[in-house]
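# Summary of structural features
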Amino acid sequence: MKRSSQPTINDVARIAGVSKKTVSRVINQSPLLNGDTRKRVEEVIADLGYVPNPQARALALRRNFLIGLIHDNPNAQMVLNVQQGMLEVLRDTEFELIVHPVNRGSPTMLADIGQFLERQRPFGVMILPPISENDQLAALCAEIGVRYVRMGSAPLDDAPHMVASNDREAVHGAIAHLIESGHRRIGLVLGPHGFRSAHERQKGYEEAIERAGLPLQRTLIVQGDYKFESGMRAAEQLLDLAPRPTAVFASNDEMAAGVLHVARQRGLNVPQDLSIIGFDDTPIASHLWPPLTTVRWPIATMARAAALKLLSGEGGAHSEDGEASLFVSTLIRRASVAPAAG
(Lines give C-alpha, C1' and ligand atoms only; values in the text may rest on other atoms or scores of the structure.)
Protein backbone atom coordinates (compact mmCIF):
# COMPACT_ATOMS: atom_id res chain seq x y z
CA MET A 1 0.00 0.00 0.00
CA LYS A 2 1.37 3.39 -1.01
CA ARG A 3 1.88 6.06 1.59
CA SER A 4 -0.35 9.09 1.15
CA SER A 5 2.36 11.46 2.40
CA GLN A 6 6.09 11.70 2.91
CA PRO A 7 7.42 9.93 6.03
CA THR A 8 8.20 12.21 8.95
CA ILE A 9 10.68 12.16 11.79
CA ASN A 10 7.81 10.97 14.00
CA ASP A 11 7.40 7.90 11.76
CA VAL A 12 11.09 7.11 12.03
CA ALA A 13 11.07 7.47 15.82
CA ARG A 14 7.95 5.31 16.24
CA ILE A 15 9.15 2.43 14.04
CA ALA A 16 12.70 2.51 15.44
CA GLY A 17 11.36 2.66 18.99
CA VAL A 18 13.37 5.74 19.92
CA SER A 19 12.70 9.40 20.65
CA LYS A 20 12.66 12.20 18.06
CA LYS A 21 15.78 13.59 19.73
CA THR A 22 17.61 10.30 19.08
CA VAL A 23 16.61 10.40 15.40
CA SER A 24 17.87 13.99 15.20
CA ARG A 25 21.17 12.91 16.72
CA VAL A 26 21.55 10.20 14.08
CA ILE A 27 20.75 12.67 11.28
CA ASN A 28 23.21 15.22 12.68
CA GLN A 29 25.91 12.56 13.15
CA SER A 30 26.16 13.09 16.89
CA PRO A 31 28.73 10.92 18.66
CA LEU A 32 26.36 10.59 21.66
CA LEU A 33 24.86 7.31 20.44
CA ASN A 34 25.78 3.65 20.62
CA GLY A 35 26.39 1.80 17.39
CA ASP A 36 23.34 -0.47 17.58
CA THR A 37 20.91 2.42 18.03
CA ARG A 38 22.51 4.37 15.19
CA LYS A 39 22.35 1.35 12.87
CA ARG A 40 18.68 0.66 13.72
CA VAL A 41 17.62 4.25 13.08
CA GLU A 42 19.62 4.44 9.83
CA GLU A 43 17.95 1.25 8.59
CA VAL A 44 14.47 2.67 9.32
CA ILE A 45 15.39 5.92 7.57
CA ALA A 46 16.52 3.93 4.52
CA ASP A 47 13.43 1.67 4.53
CA LEU A 48 11.03 4.60 4.75
CA GLY A 49 12.94 6.80 2.32
CA TYR A 50 12.86 9.57 4.91
CA VAL A 51 14.58 12.81 3.81
CA PRO A 52 15.30 15.37 6.55
CA ASN A 53 13.92 18.85 5.94
CA PRO A 54 16.95 21.08 5.30
CA GLN A 55 15.22 24.23 6.55
CA ALA A 56 14.28 22.52 9.81
CA ARG A 57 17.82 21.20 10.21
CA ALA A 58 19.23 24.66 9.55
CA LEU A 59 17.03 26.12 12.27
CA ALA A 60 17.92 23.36 14.71
CA LEU A 61 21.64 23.71 14.09
CA ARG A 62 21.47 27.54 13.82
CA ARG A 63 23.23 27.58 10.46
CA ASN A 64 22.56 26.98 6.80
CA PHE A 65 23.64 24.22 4.45
CA LEU A 66 24.74 26.64 1.73
CA ILE A 67 28.20 27.30 0.30
CA GLY A 68 28.45 30.54 -1.63
CA LEU A 69 30.58 31.34 -4.67
CA ILE A 70 31.07 35.10 -5.00
CA HIS A 71 32.62 36.44 -8.18
CA ASP A 72 32.94 39.24 -10.68
CA ASN A 73 34.92 37.53 -13.39
CA PRO A 74 34.53 37.93 -17.17
CA ASN A 75 36.03 34.48 -17.81
CA ALA A 76 32.95 32.24 -17.91
CA GLN A 77 35.00 29.06 -18.39
CA MET A 78 37.04 29.81 -15.29
CA VAL A 79 33.87 30.24 -13.20
CA LEU A 80 32.47 26.96 -14.58
CA ASN A 81 35.70 25.12 -13.70
CA VAL A 82 35.52 26.46 -10.15
CA GLN A 83 31.92 25.30 -9.83
CA GLN A 84 32.90 21.85 -11.11
CA GLY A 85 35.67 21.52 -8.53
CA MET A 86 33.48 22.68 -5.64
CA LEU A 87 30.55 20.46 -6.63
CA GLU A 88 32.80 17.38 -6.65
CA VAL A 89 33.33 17.99 -2.92
CA LEU A 90 29.73 18.97 -2.11
CA ARG A 91 28.07 16.17 -4.10
CA ASP A 92 27.91 13.62 -1.28
CA THR A 93 27.15 16.13 1.47
CA GLU A 94 24.04 18.01 2.54
CA PHE A 95 25.50 21.29 1.28
CA GLU A 96 24.33 23.14 -1.82
CA LEU A 97 26.24 25.65 -3.92
CA ILE A 98 24.79 29.11 -4.55
CA VAL A 99 26.48 31.47 -7.03
CA HIS A 100 26.40 35.19 -6.35
CA PRO A 101 27.83 37.43 -9.12
CA VAL A 102 28.65 41.02 -8.16
CA ASN A 103 29.82 44.21 -9.83
CA ARG A 104 33.25 45.18 -8.53
CA GLY A 105 32.85 48.62 -10.08
CA SER A 106 29.81 49.41 -7.96
CA PRO A 107 30.34 51.76 -4.99
CA THR A 108 27.88 49.60 -3.04
CA MET A 109 29.62 46.26 -3.73
CA LEU A 110 30.64 45.61 -0.11
CA ALA A 111 27.22 46.62 1.22
CA ASP A 112 25.52 44.40 -1.38
CA ILE A 113 27.65 41.40 -0.43
CA GLY A 114 27.00 42.12 3.24
CA GLN A 115 23.25 42.01 2.59
CA PHE A 116 23.64 38.72 0.71
CA LEU A 117 25.59 37.17 3.60
CA GLU A 118 23.13 38.44 6.23
CA ARG A 119 20.11 37.27 4.22
CA GLN A 120 21.36 33.83 3.15
CA ARG A 121 23.64 33.09 6.10
CA PRO A 122 25.80 30.64 4.12
CA PHE A 123 28.00 28.23 6.03
CA GLY A 124 30.95 29.52 4.02
CA VAL A 125 31.90 31.32 0.81
CA MET A 126 34.61 31.04 -1.80
CA ILE A 127 35.67 34.38 -3.28
CA LEU A 128 37.15 34.51 -6.79
CA PRO A 129 39.62 37.05 -8.16
CA PRO A 130 39.74 39.93 -8.56
CA ILE A 131 37.39 40.70 -5.65
CA SER A 132 39.21 38.07 -3.56
CA GLU A 133 42.05 40.61 -3.42
CA ASN A 134 39.85 43.02 -1.43
CA ASP A 135 40.91 42.79 2.23
CA GLN A 136 37.77 44.67 3.31
CA LEU A 137 35.64 41.87 1.89
CA ALA A 138 37.57 39.26 3.87
CA ALA A 139 37.12 41.38 7.01
CA LEU A 140 33.38 41.65 6.29
CA CYS A 141 33.04 37.85 6.13
CA ALA A 142 34.91 37.50 9.42
CA GLU A 143 32.76 40.18 11.06
CA ILE A 144 29.50 38.49 10.01
CA GLY A 145 30.85 35.09 11.05
CA VAL A 146 30.92 33.42 7.64
CA ARG A 147 33.80 31.11 6.76
CA TYR A 148 35.67 32.21 3.64
CA VAL A 149 38.42 31.09 1.28
CA ARG A 150 40.03 33.48 -1.22
CA MET A 151 41.41 32.31 -4.57
CA GLY A 152 44.37 34.19 -6.02
CA SER A 153 47.30 34.16 -8.40
CA ALA A 154 49.58 34.86 -5.43
CA PRO A 155 49.16 34.37 -1.64
CA LEU A 156 46.44 36.66 -0.25
CA ASP A 157 45.77 35.41 3.30
CA ASP A 158 46.75 32.82 5.88
CA ALA A 159 46.60 29.17 4.81
CA PRO A 160 43.07 28.31 6.07
CA HIS A 161 41.63 31.24 4.10
CA MET A 162 43.27 30.96 0.70
CA VAL A 163 44.19 28.88 -2.30
CA ALA A 164 46.79 30.38 -4.65
CA SER A 165 48.80 29.55 -7.75
CA ASN A 166 52.29 30.52 -8.95
CA ASP A 167 51.29 32.51 -12.05
CA ARG A 168 54.44 34.63 -12.18
CA GLU A 169 56.80 31.64 -12.18
CA ALA A 170 54.62 29.72 -14.62
CA VAL A 171 54.59 32.54 -17.18
CA HIS A 172 58.32 33.05 -16.69
CA GLY A 173 58.77 29.41 -17.70
CA ALA A 174 56.51 29.79 -20.75
CA ILE A 175 58.43 32.83 -22.02
CA ALA A 176 61.74 31.07 -21.34
CA HIS A 177 60.47 28.21 -23.55
CA LEU A 178 59.86 30.68 -26.39
CA ILE A 179 63.29 32.26 -25.91
CA GLU A 180 64.93 28.84 -25.95
CA SER A 181 63.12 28.26 -29.27
CA GLY A 182 64.92 31.28 -30.74
CA HIS A 183 62.20 33.93 -30.36
CA ARG A 184 63.38 37.45 -29.54
CA ARG A 185 60.32 39.58 -30.34
CA ILE A 186 57.59 38.16 -28.11
CA GLY A 187 54.24 39.89 -27.80
CA LEU A 188 52.18 39.92 -24.59
CA VAL A 189 48.39 40.23 -24.39
CA LEU A 190 47.56 41.45 -20.88
CA GLY A 191 44.60 40.56 -18.69
CA PRO A 192 42.16 43.20 -17.39
CA HIS A 193 43.22 46.21 -15.35
CA GLY A 194 42.95 45.58 -11.62
CA PHE A 195 43.35 41.79 -11.77
CA ARG A 196 46.20 40.38 -9.69
CA SER A 197 46.43 37.51 -12.19
CA ALA A 198 47.07 40.01 -14.99
CA HIS A 199 49.76 41.71 -12.89
CA GLU A 200 51.49 38.46 -11.92
CA ARG A 201 51.49 37.17 -15.50
CA GLN A 202 52.91 40.45 -16.81
CA LYS A 203 55.66 40.34 -14.19
CA GLY A 204 56.52 36.78 -15.22
CA TYR A 205 56.85 37.92 -18.84
CA GLU A 206 58.99 40.94 -17.97
CA GLU A 207 61.30 39.01 -15.65
CA ALA A 208 61.91 36.31 -18.29
CA ILE A 209 62.70 38.93 -20.94
CA GLU A 210 65.09 40.78 -18.62
CA ARG A 211 66.79 37.59 -17.40
CA ALA A 212 67.50 36.64 -21.02
CA GLY A 213 69.14 40.04 -21.58
CA LEU A 214 66.53 41.09 -24.15
CA PRO A 215 65.21 44.65 -24.38
CA LEU A 216 61.75 45.14 -22.82
CA GLN A 217 59.75 46.73 -25.64
CA ARG A 218 56.51 48.31 -24.45
CA THR A 219 55.07 48.26 -27.99
CA LEU A 220 54.96 44.45 -27.69
CA ILE A 221 52.69 44.66 -24.61
CA VAL A 222 49.00 45.14 -25.50
CA GLN A 223 45.93 45.40 -23.30
CA GLY A 224 43.31 42.64 -23.24
CA ASP A 225 40.38 41.71 -20.97
CA TYR A 226 40.37 37.86 -20.96
CA LYS A 227 37.77 37.76 -23.76
CA PHE A 228 38.15 36.34 -27.28
CA GLU A 229 37.43 39.68 -28.97
CA SER A 230 40.15 41.46 -26.99
CA GLY A 231 42.60 38.81 -28.16
CA MET A 232 41.66 39.62 -31.75
CA ARG A 233 42.10 43.36 -31.17
CA ALA A 234 45.47 42.79 -29.50
CA ALA A 235 46.62 40.58 -32.38
CA GLU A 236 45.70 43.28 -34.90
CA GLN A 237 47.92 45.75 -33.02
CA LEU A 238 50.81 43.34 -32.62
CA LEU A 239 50.76 42.04 -36.20
CA ASP A 240 50.66 45.59 -37.56
CA LEU A 241 54.11 46.23 -36.03
CA ALA A 242 57.16 46.23 -38.25
CA PRO A 243 58.90 44.02 -37.60
CA ARG A 244 56.07 42.00 -36.10
CA PRO A 245 56.57 39.59 -33.20
CA THR A 246 57.44 35.99 -34.01
CA ALA A 247 55.61 34.74 -30.91
CA VAL A 248 52.74 35.90 -28.68
CA PHE A 249 51.91 34.99 -25.11
CA ALA A 250 48.23 35.60 -24.31
CA SER A 251 47.26 35.79 -20.63
CA ASN A 252 44.42 33.31 -21.12
CA ASP A 253 43.29 30.74 -23.68
CA GLU A 254 40.30 32.72 -24.97
CA MET A 255 42.56 35.60 -25.98
CA ALA A 256 45.08 33.15 -27.44
CA ALA A 257 42.26 31.80 -29.62
CA GLY A 258 41.58 35.36 -30.76
CA VAL A 259 45.25 35.79 -31.69
CA LEU A 260 45.19 32.53 -33.65
CA HIS A 261 42.02 33.65 -35.47
CA VAL A 262 43.62 36.91 -36.66
CA ALA A 263 46.85 35.17 -37.65
CA ARG A 264 44.83 32.83 -39.88
CA GLN A 265 42.92 35.78 -41.36
CA ARG A 266 46.25 37.33 -42.35
CA GLY A 267 47.51 34.17 -43.98
CA LEU A 268 50.07 33.36 -41.29
CA ASN A 269 50.82 29.76 -40.46
CA VAL A 270 50.86 28.81 -36.79
CA PRO A 271 53.39 27.88 -35.55
CA GLN A 272 55.75 28.27 -38.55
CA ASP A 273 55.14 32.03 -38.91
CA LEU A 274 53.83 32.81 -35.43
CA SER A 275 54.11 30.82 -32.21
CA ILE A 276 51.33 31.24 -29.62
CA ILE A 277 51.05 30.27 -25.93
CA GLY A 278 47.95 30.70 -23.75
CA PHE A 279 47.13 30.31 -20.08
CA ASP A 280 44.50 28.16 -18.25
CA ASP A 281 44.39 24.95 -20.32
CA THR A 282 40.63 25.20 -20.74
CA PRO A 283 38.97 22.77 -23.22
CA ILE A 284 39.36 25.30 -26.04
CA ALA A 285 43.16 24.86 -25.89
CA SER A 286 43.10 21.26 -27.09
CA HIS A 287 40.19 21.84 -29.50
CA LEU A 288 41.94 24.52 -31.56
CA TRP A 289 44.08 23.72 -34.57
CA PRO A 290 46.92 23.53 -34.05
CA PRO A 291 46.36 22.44 -30.44
CA LEU A 292 47.46 25.25 -28.15
CA THR A 293 50.56 25.16 -25.98
CA THR A 294 49.38 26.69 -22.72
CA VAL A 295 49.98 26.98 -19.00
CA ARG A 296 47.70 24.61 -17.09
CA TRP A 297 46.11 26.53 -14.23
CA PRO A 298 44.81 23.95 -11.71
CA ILE A 299 41.50 25.77 -11.20
CA ALA A 300 39.32 22.75 -10.41
CA THR A 301 41.95 21.36 -8.02
CA MET A 302 42.17 24.70 -6.23
CA ALA A 303 38.36 24.87 -6.03
CA ARG A 304 38.20 21.37 -4.52
CA ALA A 305 40.76 22.36 -1.90
CA ALA A 306 38.82 25.55 -1.12
CA ALA A 307 35.59 23.59 -0.63
CA LEU A 308 37.33 21.14 1.69
CA LYS A 309 38.72 24.04 3.73
CA LEU A 310 35.20 25.48 4.04
CA LEU A 311 33.76 22.13 5.13
CA SER A 312 36.62 21.38 7.50
CA GLY A 313 35.30 19.34 10.42
CA GLU A 314 31.89 18.82 8.78
CA GLY A 315 30.85 15.24 8.08
CA GLY A 316 34.39 13.91 8.16
CA ALA A 317 35.87 16.49 5.78
CA HIS A 318 39.63 16.86 5.99
CA SER A 319 41.06 19.34 8.42
CA GLU A 320 42.04 22.69 6.96
CA ASP A 321 45.64 22.08 8.04
CA GLY A 322 45.67 19.06 5.71
CA GLU A 323 44.55 20.96 2.62
CA ALA A 324 47.15 22.55 0.37
CA SER A 325 47.11 26.32 -0.14
CA LEU A 326 49.67 26.76 -2.95
CA PHE A 327 49.29 25.06 -6.33
CA VAL A 328 51.73 24.81 -9.22
CA SER A 329 50.79 25.78 -12.78
CA THR A 330 52.64 23.84 -15.48
CA LEU A 331 53.41 24.35 -19.18
CA ILE A 332 51.55 21.94 -21.45
CA ARG A 333 53.44 21.66 -24.73
CA ARG A 334 51.26 20.99 -27.77
CA ALA A 335 51.68 22.17 -31.35
CA SER A 336 51.43 25.97 -31.42
CA VAL A 337 55.14 26.68 -30.78
CA ALA A 338 57.98 26.17 -33.25
CA PRO A 339 61.56 27.48 -33.49
CA ALA A 340 61.78 31.06 -34.75
CA ALA A 341 62.25 31.26 -38.51
CA GLY A 342 65.58 32.42 -39.85
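Residues numbered from 1 in each chain as written. Predicted model: local features only at pLDDT ≥ 70, side-chain atom pairs only at ≥ 80, totals over all residues. Heavy atoms only, no water.

### Side note on the nonpolar core
The test is simple: In plain words, nonpolar cores are sets of buried Ala, Val, Leu, Ile, Met, Phe, Trp, Tyr and Cys residues tied together by side-chain atoms within 4.5 Å. Each residue gets one of three labels from its accessible area relative to the maximum for its type: buried under 20%, exposed over 50%, partly exposed in between, using a 1.4 Å probe on protein chains only. Boundary definitions for the domains trace back to an automatic or database domain assignment. The contact criterion used throughout is that any non-hydrogen atoms of two residues lie within 4.5 Å.
Formed by 49 residues in total, the largest nonpolar core has its most connected members in Val 82, Met 126 and Ile 175. Taken domain by domain, this core gets at least three of its residues from each of domain 1 (66-165 + 299-327) and domain 2 (167-296). The contacts of Met 126, once residues within four sequence positions are left out, are Gly 68, Leu 69, Ile 70, Val 82, Met 86, Val 149, Met 151, Val 163, Ala 303, Ala 306 and Leu 310.

### With respect to the sheet that holds strand β1 (residues 66-71)
Cut-off, in case you're wondering: If DSSP finds at least two bridges between two strands, the strands pair. Under the scheme used here, helices are H or I runs from DSSP no shorter than 4 residues and strands are E runs no shorter than 2 residues, and both carry numbers assigned from the N terminus. Working convention: axes come from line fits to C-alpha atoms, limited for helices to the stretch in contact. Angles between N-to-C directions cover 0 to 180 degrees.
Across the sheet, which stays open at both edges, the 6 strands sit in the order β2-β1-β3-β4-β5-β11 with parallel pairing between neighbours. Two strands lie at the open edges of the sheet, namely β2 (96-101) and β11 (326-327), each paired on one side alone. Sitting on the sheet, helix α6 (residues 109-120) is in contact with β1, β2 and β3 (124-127), with an inclination near 170° to β1.

### Structural notes on the packing of aromatic side chains
We apply this condition: Aromatic rings from Phe, Tyr and Trp, with only the six-membered ring used for Trp, were paired whenever their centres fell within 6.5 Å, and each pair was classed as stacked if the ring planes differed by under 30 degrees, edge-to-face if by over 60, and tilted otherwise. In our convention, an over-ring charge means Lys NZ or Arg CZ found within 6 Å of a ring centre and within 35 degrees of that ring's normal.
One pass over the structure, following the stated rule, counts 4 aromatic pairs. Ring centres 5.2 Å apart and planes at 50° place the aromatic pair Phe 95 and Phe 123 in the tilted group. Note that Phe 95 is positioned in the loop between α5 (76-90) and β2 and Phe 123 in the loop between α6 and β3, a separation of 28 residues in sequence. Phe 123 carries the same exposure label as Phe 95, and that label is buried. Considering the side-chain rings of Phe 195 and Tyr 226, the 5.7 Å spacing of their centres and the 80° angle between planes classify their relative orientation as edge-to-face. Separated by 31 residues along the polypeptide, Phe 195 in the loop between β6 (186-189) and α9 (196-211) and Tyr 226 in the loop between β7 (221-222) and α10 (228-239) bring together distant segments of the chain. One exposure class covers both Phe 195 and Tyr 226, and it is buried. An aromatic cluster is present here, built from Phe 65, Phe 95 and Phe 123 joined pairwise through their rings. Positioned above the aromatic ring of Phe 279 is the side chain of Arg 201, whose terminal nitrogen or guanidinium carbon lies 3.7 Å from the ring centre. Positioned above the aromatic ring of Trp 297, the side-chain terminus of Arg 201 is 4.9 Å from the ring centre.

### Overview of the environment of Val 163
Inspection of the secondary structure assignment puts Val 163 in strand β5 (residues 162-165). Taking the C-alpha atoms as reference, Val 163 lies 38 Å from Asp 273; in sequence the two are 110 residues apart. Excluding anything up to four places from it in sequence, Val 163 contacts Met 126, Val 149, Arg 150, Met 151, Gly 152, Met 302, Ala 305, Ala 306, Lys 309, Ala 324, Ser 325 and Phe 327.

### Observations regarding the pairing of β6
Side chains Ile 186 and Leu 188 project from β6 onto one buried face, and the interleaved Gly 187 and Val 189 project onto a second face that is buried too. One ladder, built from 4 bridges, connects β6 with strand β8 (residues 247-250); its direction is parallel. Residue pairing for β8: Gly 187 is matched across the bridge by Val 248. With 2 bridges connecting them, β6 and β7 associate as parallel partners. Its bridge partner being in β7, Val 189 is matched across the sheet by Val 222.

### What to know about the pairing of β8
Put simply, the test is: Seen with its strands pointing away from the viewer, a crossover is right-handed if its path from the first strand over the helix to the second goes clockwise.
With burial as the criterion, each face of β8 is covered, one bearing Ala 247 and Phe 249 and the other bearing Val 248 and Ala 250. Where β8 and strand β9 (residues 275-280) come together, 3 bridges link them in parallel fashion. Bridge assignment links Phe 249 to a residue of β9, and that residue is Ile 277. You can see the chain leave β8, run along helix α11 (residues 253-265) and come back into β9, and the turn it takes is right-handed.

### What to know about the sheet that holds β6
If you walk across this open sheet you meet the 6 strands as β7-β6-β8-β9-β10-β12, and the pairing is mixed. Two strands bound the open sheet, and with one partner strand each, they are β7 and β12 (330-332). Against the sheet, helix α8 (residues 167-180) contacts β6, β8, β9, β10 (293-296) and β12, and its axis sits at roughly 165° relative to β9.

### Concerning unusual backbone geometry
A cis amide bond links Pro 129 to the next residue, Pro 130, at an omega of 10°. Of note, Pro 130 is situated in the loop between β3 and α7 (135-144). Put simply, Val 270 and Pro 271 share a cis peptide bond, and its omega is 15°. Even without being glycine, Arg 121 reaches a positive phi, approximately 50°. Relative to the assigned elements, Arg 121 resides in the loop between α6 and β3. One non-glycine residue with positive phi stands out, namely Tyr 226, at about 75°.

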